[in-house]
Amino acid sequence: MIIKLSSSVLLILLLDVASALYFHIAEGERKCFIEEIPDDTTVIVNYKVELYDPRSGGFMPSTPGIGMHVEVRDPNDKIVLSRVYSSEGMYSFTSTTPGEHVICMYSNSTSWFSGSQLRVHLDIQVGEHAIDYASVAKKDKLTELQLRIRQLLDQVHQITKEQSYQRQREERFRQTSESTNQRVVWWSLLQTGVLMGIGFWQMKHLKSFFEAKKLV
């Protein structure tokens with residue numbers, strides 16, 4: 001997968017945990033994150049954008065005109081999500097292909113920036129962490145015990161998907177290792193053949209040289 005990440009910082013986040021962080025972004029810059037996600041897994045990202053205030057030297061809530069363009073690509077470099085959001089909110093997507101998903105964010109305009117910086121707060125939730133169980137319990141009228149069982153079932157389902165994804169990764173790694181080992185063997189055989197050929201040619205050349213000089 002080839003993605004141009006000009007003027008970007010690439011961060012690798014841990015799988016299946018709620019990741020809260022913030023970063024600074026400059027005019028024309030984009031920040032990208034890699035998230036390893038199993039298939040059929042929901043990802044929810046809550047974000048908030050703050051604008052740098054040179055008078056106070058700190059960051060303040062951004063103006064309504066400031067927005068962020070969000071782009072998500074799957075392991076096959078296919079666009080899963082691409083749209084402009086407001087300065088604060090939430091976006092989500094569900095993976096259809098297991099593997100590394102690239103999440104990129106950048107400003108939707110440069111006219112309002114005036115060379116300042118933005119601070120973007122992110123809270124990334126993957127898998128069962130992205131489910132609002134309070135809303136689920138209220139909607140389905142679940143008791144505390146039923147809700148706990150529902151959470152455990154979701155966790156088991158998520159662990160099963162993660163194990164399946166890890167087995168796929170191990171299989172790809174094994175195939176890559178076998179292919180590499182096979183190439184190393186063939187390369188070694190080729191080197192051996194070349195060295196034997198060179199040695200045979202040198203012996204023949206030296207024999208001809210000595211015969212010409214009547215030394216043998």
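Note: the structure precedes this text.
Quick summary incoming for the structure in this document. Nothing here was measured: the structure is a model prediction, and the numbers come from that model. Throughout, residues of each chain are indexed from 1 in the direction in which the sequence is written. Under the rules for a predicted model, residues below a pLDDT of 70 receive no local features and side-chain atom pairs below 80 are neither given nor counted, while totals for whole chains, interfaces and linings still include all residues. Each side-chain value is worked out from all heavy atoms of the structure, with water and hydrogens disregarded.

### Overview of the state of the cysteines
Then, in step 1: For this text, the term disulfide refers to a pair of cysteine sulfurs within 2.5 Å. Enumeration over the complete set of coordinates arrives at 1 disulfide.
Then, in step 2: Paired through a disulfide, cysteine 32 and cysteine 104 show a sulfur-sulfur distance of 2.1 Å. Between cysteine 32 and cysteine 104 the disulfide shows an S-S torsion of about 105°. By sign, it is right-handed. Here cysteine 32, found in strand β3 (residues 30–37), pairs with cysteine 104, found in strand β9 (residues 99–107); they are 72 residues apart in sequence, far enough to count as distant.
Then, in step 3: Among the residues examined, cysteine 32 registers a relative accessible area of 0% and is labelled buried.
Then, in step 4: Residue exposure (1.4 Å probe, protein chains only): buried if accessible area is under 20% of the type maximum, exposed if over 50%, otherwise partly exposed. Cysteine 104 gets classed as buried once you look at its relative accessible area, which sits at 2%. Think of it this way: any DSSP run of H or I at least four residues long counts as a helix, any run of E at least two long counts as a strand, and we number them from the N terminus.

### Quick word on the pattern of salt bridges
Then, in step 1: One speaks of a salt bridge when a side-chain nitrogen belonging to Lys or Arg is within 4 Å of a carboxyl oxygen belonging to Asp or Glu. Enumeration over the complete set of coordinates arrives at 7 salt bridges.
Then, in step 2: One salt bridge connects glutamate 29 with lysine 31, and the closest N-O pair in it is separated by 3.4 Å.
Then, in step 3: With a relative accessible area of 16%, glutamate 29 lands in the buried category.
Then, in step 4: Overall, lysine 31 belongs to the buried group, its relative accessible area being 10%.
Then, in step 5: Residues arginine 73 and aspartate 77 are paired through a salt bridge, measuring 3.2 Å at the closest nitrogen-oxygen approach.
Then, in step 6: We classify arginine 73 as buried; its relative accessible area is 19%.
Then, in step 7: Overall, the relative accessible area of 27% leaves aspartate 77 in the partly exposed class.

### Observations concerning the nonpolar core
Then, in step 1: Formed by 23 residues in total, the largest nonpolar core has its most connected members in Tyr91, Met105, Val120 and Leu122.
Then, in step 2: Only β2 (19–25), β3, β4 (42–53), β6 (68–73), β7 (79–85), β8 (88–94), β9 and β10 (118–126) provide two or more residues apiece to this core.
Then, in step 3: It is β10 that contributes the most residues to this core, 5 residues altogether.
Then, in step 4: Throughout, a contact is declared for two residues whenever any of their heavy atoms are within 4.5 Å. Among residues more than four places away in sequence, those in contact with valine 120 are Leu21, Tyr22, Phe23, Ile25, Lys48, Val49, Met68 and Met105. To qualify as a nonpolar core, a set must consist of buried Ala, Val, Leu, Ile, Met, Phe, Trp, Tyr and Cys residues joined through side-chain atoms within 4.5 Å.

### Observations regarding helix α2 (residues 144–212)
Then, in step 1: Taking 1.5 Å per residue, 69 residues should reach 102 Å; α2 reaches 101 Å between its end C-alpha atoms and fits that length.
Then, in step 2: Considered for burial, the residues of α2 that qualify are Leu147, Gln151, Asp154, Gln158, Lys161, Glu162 and Tyr165. To estimate how far a helix should extend, the number of its residues minus one is multiplied by 1.5 Å.

### Structural notes on the pairing of β4
Then, in step 1: Note that β4 and β8 share 7 bridges and pair antiparallel. In the strand pairing of β8, valine 45 is matched with tyrosine 91.
Then, in step 2: Note on pairing: DSSP must find at least two bridges between two strands before they are called paired. In this sheet, β10 lies alongside β4 in antiparallel orientation, the contact comprising 9 bridges. Following the sheet pairing, valine 49 is matched in β10 by valine 120.
Then, in step 3: The pairing of β4 with strand β5 (residues 58–61) spans 4 bridges and is antiparallel. Among the inter-strand pairings, glutamate 50 is bridged to a residue of β5, identified as proline 61.
Then, in step 4: Taking the residues between adjacent antiparallel strands as the criterion, β4 and β5 are bridged by 4 residues, where glycine 57 takes a positive phi near 75°.

### Concerning the side chain of histidine 69
Then, in step 1: The residue histidine 69 is located in strand β6 in this model.
Then, in step 2: Looking at histidine 69, the relative accessible area reads 14%, which means it is buried.
Then, in step 3: Sequence-distant contacts of histidine 69, defined by excluding residues within four places in its chain, comprise Ser82, Arg83, Val84, Cys104, Met105, Tyr106 and Asn108.

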